[in-house]
Amino acid sequence: MNQTKIEEAQKLLNTFVERRNQRVKDLQFVENGIAKKIDFLKNNGVDVSQYITAQTQTSIAEVKQIIEEKQTVKSADGDFNMLTSDIHANTDPQQYMRKISTPYTEIKDEFTLLDAHFEISDPLIFEGPKGCGKSLALASWASARGIPMMVIDCSEGIKEGHLVGRLIVKGNSTPLHLGIIPTAIEVCNKSENGLLLIFEELNALTNQMQKLLNSILDWRKGIFVEAVGKYYEVKVGKQLLIVGTMNPSSYSGVNELNADLLSRFTRIVWDYPSTTDEKRILKQTIKESGIPEDMVKCFLKLAQETRASEKRADNPLSHSISTRELDSIFRLYAAYKKRWDNPMPKLVDKIRGMYEDEHEWNTVKSRIESIFGSDVFNPQMKKMTEEQIEEASQ
């Protein structure tokens, strides 16, 4: 057997035993790895009894000597794959190139801001309400600049294995599935144009998982993967821009960011655009949908009123109509118009579905009646054409 592979097997066995002694979370998984390593060495003529009984006192050098004394070990090619080289990760930059067809309209020189932070790999946080364009801005910028983009959707279910890596026992092999952070580093180092790494809903991570991001965000620009004893770091001259997106702390399902994590970012606060800017953002959708201009104005006004109500201290709405939802409403207008003479009741049904609380819906309903007219809730409207509705309103 190749001596290097023997040494690698011994090294990984030490790693497993150390992790077992430290009582890591994946204790059962580690025990399985130890058992497979021991079986492999036994099957290849290595007496592991001395190692097992004295593993807490035996130094790495002594263990190495024990294994080196056995020269009858069979070739492991095809029989034993749990080596440091057996790391599973897609690190081809081309696999992370995205072409974004959805147009993005800049409001406050977002692309120029991203260019500046990308140049020096300075991390950013985009904080703002849902559906205001944070993620689309990032994807559009990366697409326009020809920069690969990796995204991880954060939640309380994200664990160390997702961020750093985890060993998976598969038969006689135990490959390491590299986590998003070291994978991003590898992709960045191979890419000619750097990399954009996005943590969607960053503040959905638990405080413990937030700690794992510190080393990649500061001068170290790297992370240690204990399972293989390797430190992954961004090469000098390579640009890795890390951006976290998140909703305000008033939203449910979010955690407060650790002070040490937040200090590593530049935090940019977003808000919904003004009516004028929003109409400019949705210009292409409005044109393609064929929705009447007066109806566009009404929906924009309704959206602005729900946003103002959401911020009120007394009886605020739990949901406001976002730019993303307006885009959907305008596109649905064209689809509904093909099937119903008057698509308005169906569009109102969509808005109705945004509010579970009956009191909140009654509030929004009254605003719809005020803006669009009370006939919008008339059942007969479903049978009326736009001309008839206009006549009735007059």
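Since this is a predicted model, take the numbers as computed values, not measurements. (Residues numbered from 1 in each chain as written. Predicted model: local features only at pLDDT ≥ 70, side-chain atom pairs only at ≥ 80, totals over all residues. Heavy atoms only, no water.)

Chemist: Would you mind going over the pattern of salt bridges in detail, with residue names and values included?
Modeler: Scanning the entire structure with this criterion turns up twelve salt bridges. For E127, the salt bridge identified is with R267, shortest N-O distance 2.5 Å. With E127 in strand 2 (residues 124-127) and R267 in strand 10 (residues 266-269), this residue pair connects regions lying 140 residues apart in the sequence. Looking at E127, the relative accessible area reads 11%, which means it is buried. In this structure, D218 engages R220 in a salt bridge whose closest nitrogen and oxygen atoms are separated by 2.7 Å. (Salt bridge = Lys/Arg side-chain N within 4 Å of Asp/Glu carboxyl O. Helix = DSSP H or I, 4+ residues; strand = E, 2+ residues; numbered from the N terminus. Buried < 20%, exposed > 50% of the residue type's maximum accessible area, 1.4 Å probe, protein only.)

Chemist: Give a description of the confidence of the model for the protein that names residues and reports values.
Modeler: With 74% of its residues at a pLDDT of 70 or more, the protein has an overall mean of 82. Here residues 53-85 is modelled with pLDDT under 50, and outside its nearest four sequence neighbours on either side it reaches 56 contacts, counting other chains as well. Confidence over residues 380-384 falls short of pLDDT 50; this stretch has eleven contacts with residues more than four positions distant or in other chains. (pLDDT = per-residue confidence, 0-100. Contact = heavy atoms within 4.5 Å.)

Chemist: Can you lay out the packing of helix 5 (residues 110-119) against helix 6 (residues 134-145) for me, pointing to particular residues and giving the numbers?
Modeler: Packed helix pairs are specified by the crossing angle of their axes together with the interaxial distance, meaning the distance between the axes. With their axes 10 Å apart at the nearest point, helix 5 and helix 6 run at an angle of 70° to one another. It follows from the interaxial angle that helix 5 and helix 6 lie roughly perpendicular. Helix 6 is crossed by helix 5, and the crossing has right-handed handedness. Contacts between helix 5 and helix 6 involve F111, L114, D115 and F118 on the former and, on the latter, A137, L138, S140, W141, A144 and R145. Classifying every residue of the contact of helix 5 with helix 6 gives seven nonpolar, one polar and two charged. (Axes fitted to C-alpha atoms, helices over the stretch in contact; angles between N-to-C directions. Parallel < 35°, antiparallel > 145°, perpendicular 65-115°, else oblique. Left-handed = near helix turned anticlockwise from the far one by under 90°. Nonpolar A, V, L, I, M, F, W, Y, C, P; charged D, E, K, R; others polar.)

Chemist: If you had to explain helix 5 to someone new, which residues and values would you point to?
Modeler: Taken together, the buried positions of helix 5 are occupied by E110, F111, L114, H117 and F118. Buried residues along helix 5 cover an arc of 125° about the axis, so they all sit on one side. On its buried side, helix 5 packs onto strand 2, helix 6, strand 6 (195-200), strand 9 (240-246) and strand 10. The positive-phi residue at the C-terminal boundary of helix 5 is S121, with phi of around 55°. (Arc of directions from axis to C-beta.)

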